Amino acid sequence: MSSAFASNFLNTIKEKLRVSFDKLFLAILCRVVLISGVILYFASIFLFNDSNCSSSDLLYSSRSKTSQFGHDSNPTNLSHLLFGLLGSEEAWHYRKEYIESWWRPNKTRGYLFLDVAPTGDDLFPWSSSSPPYRVSDNITKLIQETNHVAPTMARMVHGIMEVFREEHEGVRWVVMGDDDSVFFVDNMVDVLGQYDHTKYYYLGGQSEYLLSNYWYSFNQAFGGAGFILSYPLAKAMSKYIESCLRRYPFLRSADQITMVCISDVGVNLTPLKGSHQIDLRGDISGLLSSHPKAPLMSLHHLDAANPIFPSMERLQSVHHLMNAAKFDQSRMLQQVICYNRPNNWSFSISWGYSIHIYENILPRSHLQIPIETFKPWGVTPKDPPYYLLNTRLPTNDSCQAPHVFFLESAEKSTKNEILTMFSRSLPRGLPACSYSGSHSADQISQIEVYSSRRKRIDMDRCECCDVTHNIGTNKAKIKLRECHMDEIIA
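Attention in this report is confined to the structure presented alongside it.

Cut-offs applied
Residues numbered from 1 in each chain as written. Predicted model: local features only at pLDDT ≥ 70, side-chain atom pairs only at ≥ 80, totals over all residues. Heavy atoms only, no water. Pairing = 2+ DSSP bridges. Helix = DSSP H or I, 4+ residues; strand = E, 2+ residues; numbered from the N terminus. 1 Å grid on protein atoms, 1.4 Å probe; cavity = no way out; pocket = protein on both sides within 12 Å on 5 of 7 lines; lining within 4 Å. Points joined across faces, edges and corners; volume = space filled by probe spheres on them. Nonpolar A, V, L, I, M, F, W, Y, C, P; charged D, E, K, R; others polar. Domains from an automatic or database assignment. Buried < 20%, exposed > 50% of the residue type's maximum accessible area, 1.4 Å probe, protein only. Phe/Tyr/Trp six-rings, centres within 6.5 Å; stacked < 30°, edge-to-face > 60°. Lys NZ or Arg CZ within 6 Å of the ring centre and 35° of its normal.

The pairing of strands in a sheet comes from backbone hydrogen bonds and takes either a parallel or an antiparallel form. Spatial strand order, β5-β11-β9: 3 strands in an open sheet with mixed pairing. Both edges of this open sheet fall to β5 (182-183) and β9 (275-276), since each of them pairs with a single strand only. In terms of strand pairing, β5 meets strand β11 (residues 298-299) through 2 bridges, oriented antiparallel. Bridge pairing links phenylalanine 183 to serine 298 in β11.

Following the criterion strictly, the structure yields 2 cavities of 30 Å³ or more and no others. A volume near 110 Å³ is recorded for the largest cavity. Residue lining of the largest cavity: Leu86, Met156, Val157, Met176, Gly177, Asp178, Gly223, Gly224, Phe227, Ala254, Asp255 and Thr258, and that is the complete set. Looking at the lining of the largest cavity residue by residue, the class counts come to 6 nonpolar, 4 polar and 2 charged.

In this approach the atoms are scanned with a rolling probe the size of a water molecule, which exposes any empty space left behind. Within this model, the largest pocket holds a volume of roughly 740 Å³. The wall of the largest pocket is formed by 32 residues, among which Lys273, His291, Pro292, Lys293 and Leu389 lie closest to the centre. Counting residues per element, the ones that place at least two in the lining of the largest pocket are β9, β12 (335-340) and α12 (364-367). Residues belonging to the lining of the largest pocket are distributed by class as follows: 11 nonpolar, 14 polar and 7 charged. Shared between two domains, the lining of the largest pocket takes at least three residues from each, and those domains are domain 1 (78-276) and domain 2 (282-481).

Below, the discussion takes up the environment of glutamate 90. Tracing the backbone shows glutamate 90 in helix α3 (residues 89-100). Here glutamate 90 falls in the exposed class, since its relative accessible area comes to 65%. Sequence-wise, glutamate 90 and aspartate 115 are 25 residues apart; in three dimensions their C-alpha atoms are separated by 9.1 Å.

Applying the stated criterion across every chain yields a total of 21 aromatic pairs. Ring geometry for phenylalanine 83 and tryptophan 103: centres 6.3 Å apart, planes at 70 degrees, overall edge-to-face. Of the two residues, phenylalanine 83 is situated in strand β1 (residues 81-86) and tryptophan 103 in the loop between α3 and β2 (109-114); the sequence distance between them amounts to 20 residues. A single burial state applies to phenylalanine 83 and to tryptophan 103, both of which are buried. Relative to phenylalanine 406, the ring of phenylalanine 309 lies with its centre 6.1 Å away and its plane at 75 degrees, an arrangement referred to as edge-to-face. With a gap of 97 residues between them, phenylalanine 309 in the loop between β11 and α11 (314-325) and phenylalanine 406 in strand β16 (residues 403-412) connect regions that are remote in the sequence. Each member of the pair, phenylalanine 309 as well as phenylalanine 406, carries the same accessibility label: buried. For arginine 281, the ring lying beneath its charged end belongs to tryptophan 377, and the centroid distance is 4.1 Å.

Here is the structure:
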């Protein structure tokens, strides 16, 4: 064997030994790392476990959140809403028709909480059209201990706990209102379905009267219009409400107490434009005829305003409005603007309520501002503004004053449409608009409006419409439709 061959043979042996050693070292190193990782894992469990915030608890929490809050893939429906209505026995005798106008027996869930047990032949046997009643808890001891300045208000706030205590299986939202609150429950279901009920939400409407918001809070939901708590927030409030009442015995408003209690939990108001406190007096038709582009959810204080239909009594008016709501709540009070160019007329339709005809072509930006037919709830301030909304004053200008029509009837038509009929309220009593091309609308006495039976879900844009009128006739026809892509409503 030559020396060169021997040298090569030895080098080969060395290289194989080095490769084998490297592989063995890597294998040992991997085992060490693996064993160290296992040791560290068990050490983190046994040595550093925090019972309040452990990894296993977080994993369980994320998996159990569904069952805890009833969160599932099913859309929100009426059975997910629980109503708590606060009232007095004395007022219920004449206010029950407000609630019965929208309450759906065996479908709507909730209770009426009265200050004392009901009496009188007009209440018994208890109407199946009314919600079941409960007598509010006696919180006299709490009132005396805290020297609370407003015992009645404290009782109303305490009602949050009482309604939640009654039942909450499958509840996603707790709705609190007064015994004269009128709710549009289909719209409420649609609106609430857009929010995650497993999170903390406090929703409701502000007051139309500017000073009411100033006196109490601009971040407060006014309870007559109804405020809404998501299930987690209602659950938290039901445990906390008595201690909160002890903390704020100097507050005189139930809505303000509720707001500060919720604020202490770390939640603020999410305003809903379709919830109406109606802190207004007199004729509120101007407000209802120019409703904001949001689903109508509630009306309150209807017994403090004029009847919403001037030819009817107050309760009759409410039932008349709710009759239209049976056909289509999604369009209730939704304002639609269209024009009849040959006559130079502008039409403003408040679906299910009123129609205004103007003898002039007026832009939507003007017509969507409510006419100030109403007055402030309290003392009128010396200087405006009076309201939390823009208004335009009534006028005797023939080119700016409307011919006013109110809902006469609603029915299903033969073409998969809803037909609503409107008739003139009173003669306008003004001469025709003198603008060139304008014509008098005095001869119009009836208007037919045709709309789709399909519920309108998307509120990103108003509907459009087409007007048909034969010159010399007393009737106009309007057909509502979706706007064209680039259509300008003016």
